[in-house]
Amino acid sequence: MKDVVICRCEEVMLSEIITSIKNGTKSAKELKLRTRAGMGVCQGRICRLPLEQIVSYHTNKSIPPSSTLSFNNPVRPLTLSELAQNRKESCL
């Protein structure tokens, strides 16, 4: 079987996910914490459903009606000078 990228942001392969499930991972949330799948820039918006389907298939559990995976808006660090410059522009 050819390996496939499931999470493009974190470059997590299907083989890594299946190995994690065989080693005891029982939920998509647990899988996210063990493999970082769904923790990239898109925050799981692209790979959430395939992750849940893979876990469901390999654990014989149904996919929960509401996802157990959460996502946050992407955040990047700012320097103090960037913050100060933005503050000056917004006051004008």
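Residues numbered from 1 in each chain as written. Predicted model: local features only at pLDDT ≥ 70, side-chain atom pairs only at ≥ 80, totals over all residues. Heavy atoms only, no water.

Taking an unreviewed UniProt entry as the reference, the protein chain is identified by name as (2Fe-2S)-binding protein belonging to Virgibacillus byunsanensis.

1. Details of unusual backbone geometry
A positive phi angle is found at Gln43, which is not glycine, with a value near 55°. One can find Gln43 in the loop between helix H2 (28-35) and helix H3 (48-59). Of the residues examined, Gln43 reaches a relative accessible area of 15% and is grouped as buried. One non-glycine residue, Asn60, lies in the positive phi region at around 60°. Inspection of the secondary structure assignment puts Asn60 in the loop between H3 and helix H4 (80-91). For Asn60, a relative accessible area of 72% gives the class exposed. (Helix = DSSP H or I, 4+ residues; strand = E, 2+ residues; numbered from the N terminus. Buried < 20%, exposed > 50% of the residue type's maximum accessible area, 1.4 Å probe, protein only.)

2. Focus on helix H1 (residues 14-22)
All of the buried residues in H1 are Leu14, Ile17, Ile18, Ser20 and Ile21. For H1, the angular spread of buried residues about the axis comes to 160°, placing them on one side. The secondary structure elements touched by the buried residues of H1 are strand E1 (5-7), strand E2 (12-13), H2 and H3. Of the residues flanking the end of H1, it is Gly24, one or two places downstream, whose phi is positive at about 115°. (Arc of directions from axis to C-beta. Contact = heavy atoms within 4.5 Å.)

3. So, the nonpolar core
With 13 residues, the main nonpolar core has Ile6, Ile17, Ile21, Leu31, Leu51 and Ile54 as its most contacted residues. Taken together, the elements giving at least two residues each to this core come down to E1, H1 and H3. A per-element tally of this core places H1 first, with 4 residues. (Core = buried A, V, L, I, M, F, W, Y, C linked by side-chain atoms within 4.5 Å.)

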